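Descriptive analysis of the structure
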Amino acid sequence: KEWLGNPKLIYNVLLWTVNTTDQDAIFAVLGYQFHRKFSVYGGINGTPGTRSLQGSHPFWLGHDRVLADEFFRPYFSNGVWAQGEILPGLWYNGVVANNSSALGITASQLDRRLSTGFSAWWMPTTKEFGPRGAYGDWEYHEKVATRIGVSSTQSREQRFTNSDTGATGNTTIKLADGLNIFEPGALAPGVTVQNVDYQILSFDVGAKYRGIFLQTEIYTRWLNDFDADGPLPVSSILDRGFYVQGAFFPVPKTLELYGATSQIFGDKDAGFDNSSEYLAGLNFYPANTRNHRLNLQVINVNRSPVGSTFGYYRTGQDGTTVSVAFSVFF
């Protein structure tokens, strides 16, 4: 981060690219840090429906999110937000944004409805939880560090129809069977959802001590108030899920071993099934820093409801994935 004229007036410019999708973008953030208790920013940011959307990347156990986090989380959008520490160790983050995800969406497609999100987290014992709220205890806390948090996002999501092809431009909301809710026939043959209310509520608890890390996050997601071009068999969909992640360092600050599970419970009344994953991995830090690491991970997935051209998962995936990666964080 740099500042303009006044150290309280800060800016940040991000260059973002994904080789597998041939995407390139430039993002900017401008903010004024009035006080530790209150700062306001504008630009692109994660809508804070889950803990991983709030600055911890790339300090996760693996190089991408676990299955439950990837399914339930909101995305990144353009908006304004306020952050601060109102009491020692008690932080908040409130966001008002254009929609749940700005990826591939132009200004001319937006309506006047806004997305809102809020998160609060309390770190009662050490008043911190590692750099960027990191997962894993590379820092080797001598006193137990704890974090308790709640996050929520609400958004009236629209299909963003492509005027040339008629395809949906909103690709972020997946049903528990892996279908995009805005794809034709996703909920009923020959019927297309045009708008839907999306709400996510999550609770997270984490602890660190002498290289040991344990964290869980519990999710509830509501989809309702459907606007469709025909009758639908459901009026609302309620999905639940959680993950548990744990790690320890048999060799402090050098070798980390970890494991995790995700459980996703589709709305049975709406005709959806469950999904799950179990994974194990290791991180090797060769340079006495968190910023450089070799990662090896093995994942067994049962019916993945999410997928992308990068990351660990493919929609409908069943079976085992092995990944190897090396990362350098400047």
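Refer to the structure above for everything that follows.
A short tour of the structure in this document, coming up. (Residues numbered from 1 in each chain as written. Predicted model: local features only at pLDDT ≥ 70, side-chain atom pairs only at ≥ 80, totals over all residues. Heavy atoms only, no water.)

Section: the overall build of the protein
When its secondary structure is counted, the protein shows 1 helix and 15 strands. Relative to the compact-globule value of 20 Å for 330 residues, the protein shows a C-alpha radius of gyration of 20 Å, a close match. Projecting the C-alpha coordinates of the protein onto the three principal axes gives extents of approximately 60 × 50 × 35 Å. Of all intrachain contacts in the protein linking residues separated by at least 6 positions in sequence, the fraction that spans at least 24 positions is 60%. For the protein, the accessible area works out to roughly 15,500 Å², and carbon and sulfur atoms hold 60% of it. Across the protein, the mean location of the 26 positive side-chain charges is 9 Å away from that of the 29 negative side-chain charges. (Helix = DSSP H or I, 4+ residues; strand = E, 2+ residues; numbered from the N terminus. Rg over C-alpha atoms; globule rule 2.2 N^0.38 Å. Contact = heavy atoms within 4.5 Å. Areas by Shrake-Rupley, 256 points an atom, 1.4 Å probe, with all protein chains shown as cover. Lys, Arg positive; Asp, Glu negative; His and termini not counted. Charge placed at Lys NZ, Arg CZ, Asp CG, Glu CD.)

Thoughts on the nonpolar core
Ile 181, Leu 187, Leu 223, Phe 226 and Ile 237 are the most contacted members of the largest nonpolar core, which totals 42 residues. Those elements giving two or more residues to this core turn out to be α1 (67-72), β9 (193-209), β10 (212-228), β11 (236-251), β12 (255-265) and β14 (292-302). In this structure Leu 223 touches Ile 173, Leu 175, Ile 181, Val 196, Asp 197, Tyr 198, Ser 236 and Ile 237, once residues within four positions along its chain are discounted. By size, the runner-up hydrophobic cluster in this structure holds 6 residues, among which are Ile 10, Tyr 41, Trp 81 and Val 95. (Core = buried A, V, L, I, M, F, W, Y, C linked by side-chain atoms within 4.5 Å. Buried < 20%, exposed > 50% of the residue type's maximum accessible area, 1.4 Å probe, protein only.)

Brief notes about the pairing of β9
Residues in a regular strand point their side chains to alternate faces of the sheet. When strand β8 (residues 145-158) meets β9, the two strands line up antiparallel, connected through 14 bridges. From the neighbouring strand, Ile 148 faces β9, where its bridge partner is Val 205. Strand direction decides the pairing type here: β9 and β10, joined by 15 bridges, are antiparallel. Paired with Asp 204 across the two strands is Glu 217, which belongs to β10. The antiparallel pairing of β9 with β10 creates a hairpin that spans 2 residues between the two strands, and Arg 210 there sits at a positive phi of about 50°. (Pairing = 2+ DSSP bridges.)

A closer look at the pattern of salt bridges
Scanning the entire structure with this criterion turns up 11 salt bridges. Among the salt bridges present, the one from Asp 225 reaches Arg 156, with a minimum N-O distance of 3.7 Å. Of this pair, Asp 225 sits in strand β10 while Arg 156 sits in strand β8, and the two are 69 residues apart along the sequence. For Asp 225, a relative accessible area of 46% gives the class partly exposed. Here the salt bridges share partners, and the residues they tie into one network are Arg 51, Arg 147 and Asp 204. (Salt bridge = Lys/Arg side-chain N within 4 Å of Asp/Glu carboxyl O.)

Section: empty space enclosed by the protein
For the structure on display, the rule yields 5 cavities of 30 Å³ or more. In this structure, the largest cavity occupies an estimated 110 Å³ of space. Lining the largest cavity are 16 residues, with Gly 62, Asp 64, Arg 65, Val 66 and Gln 245 sitting closest to its centre. Partitioning the lining of the largest cavity into residue classes produces 9 nonpolar, 4 polar and 3 charged. Estimates place the volume of the second largest cavity at around 70 Å³. Lining the second largest cavity, in full, are Pro 58, Phe 59, Trp 60, Tyr 285, Arg 290, Asn 291, Arg 293, Ser 327 and Phe 329. (1 Å grid on protein atoms, 1.4 Å probe; cavity = no way out; pocket = protein on both sides within 12 Å on 5 of 7 lines; lining within 4 Å. Points joined across faces, edges and corners; volume = space filled by probe spheres on them. Nonpolar A, V, L, I, M, F, W, Y, C, P; charged D, E, K, R; others polar.)

Side note on the pairing of strand β2 (residues 6-18)
The sheet contact formed by strand β1 (residues 2-4) and β2 spans 3 bridges and is antiparallel. Paired with Trp 3 across the bridge in β2 is Ile 10. Two successive antiparallel strands, β1 and β2, enclose a turn made up of 1 residue, where Gly 5 displays a positive phi of approximately 75°. When β2 meets strand β3 (residues 23-35), the two strands line up antiparallel, connected through 10 bridges.

A closer look at a nonpolar patch on the surface
A cluster of nonpolar side chains, namely Phe 284, Leu 294, Leu 296, Val 298, Val 322, Val 324, Phe 326, Val 328 and Phe 330, defines an oily patch on the protein surface of about 900 Å² accessible area. Per element, the largest residue contribution to the nonpolar patch is 4 residues, and it comes from strand β15 (residues 318-328). Among the structural elements, Phe 284 can be located in strand β13 (residues 274-284). (Patch = residues over 30% accessible without salt bridge, like charges linked within 9 Å, V, L, I, M, F, W, Y side chains within 5 Å.)

Brief notes about unusual backbone geometry
Of note, the amide linkage connecting His 57 to Pro 58 takes the cis form, showing an omega dihedral of 5°. Note that Pro 58 resides in the loop between β4 (38-46) and α1. Despite not being glycine, Asp 225 has its phi angle at roughly 55°, a positive value. Here the phi dihedral of Arg 303 falls at roughly 60°; this positive angle occurs in a residue that is not glycine.

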